[in-house]
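# Structural overview
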Amino acid sequence: MSFVFRLVREEGGPEPVVVFEDSTSPGFVPLWEEVGVYDALYNSDGKTGREVSRLTAYGLDRVSEDSALARLIPSSLSQGEAIRFLENVNRACVVHATAQVETR
């Protein structure tokens, strides 16, 4: 089962509009905990993109710069996948700063 991070915005219709959605493996949880982004990803429902972007940017820097963190990633996954996911989430949080986070 994958972890889904999405940003939604009220557009005046009956349902919020999904402006961003990406998913990743729960196998990255030890890495997310180590680089300080676990709460920003998993416990951020209802927060805005702006509220989590700084933490995801910091985590992205750590994952990108420290190849030793690969020891926390299962062999079926890669550090590149983790970087791609955090880049996408961070970019979306900056672009959609007022959108609200939903996780699944």
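Structural notes, computed from the coordinates.

Criteria and cut-off values
Residues numbered from 1 in each chain as written. Predicted model: local features only at pLDDT ≥ 70, side-chain atom pairs only at ≥ 80, totals over all residues. Heavy atoms only, no water. Pairing = 2+ DSSP bridges. Helix = DSSP H or I, 4+ residues; strand = E, 2+ residues; numbered from the N terminus. Axes fitted to C-alpha atoms, helices over the stretch in contact; angles between N-to-C directions. Contact = heavy atoms within 4.5 Å. Salt bridge = Lys/Arg side-chain N within 4 Å of Asp/Glu carboxyl O. Buried < 20%, exposed > 50% of the residue type's maximum accessible area, 1.4 Å probe, protein only. Expected span 1.5 Å × (residues − 1).

## Overview of the sheet that holds strand β2 (residues 17–24)
The strand order β2-β1-β3 describes an open sheet built from three strands, whose pairing is antiparallel. What marks the edges here is a single partner per strand, and that holds for β2 and β3 (100–103). Taken over all neighbouring pairs, the strand axes of this sheet differ in orientation by 20 degrees on average, direction set aside. Both strand β1 (residues 3–9) and β2 contribute to a ladder of seven bridges, which runs antiparallel. Opposite L7, over in β2, you have F20 as the bridge partner. The strands that helix α4 (residues 79–95) touches are β1 and β2; relative to β2, the one it contacts most, it runs at about 165 degrees.

## Some details on the pattern of salt bridges
Taken as a whole, this structure holds five salt bridges when the rule is applied. The partner of R6 in a salt bridge is E102, and the shortest N-O contact between them spans 3.7 Å. Of this pair, R6 sits in strand β1 while E102 sits in strand β3, and the two are 96 residues apart along the sequence. Owing to a relative accessible area of 12%, R6 belongs among the buried residues under this scheme. Residues D22 and R84 are paired through a salt bridge, measuring 2.7 Å at the closest nitrogen-oxygen approach. Of this pair, D22 sits in strand β2 while R84 is found in helix α4, placing the two residues 62 residues apart along the sequence. For D22, a relative accessible area of 12% gives the class buried. Residues joined in a network through salt bridges with shared partners are R6, E21 and E102.

## Points about helix α3 (residues 49–65)
In a regular helix each residue adds 1.5 Å, so 17 residues correspond to 24 Å; α3 covers 24 Å between its end C-alpha atoms and thus fits that length. Burial in α3 covers these residues: G49, V52, S53, T56, G59, L60 and V63.

Worth remembering: the numbers are spatial, not functional.
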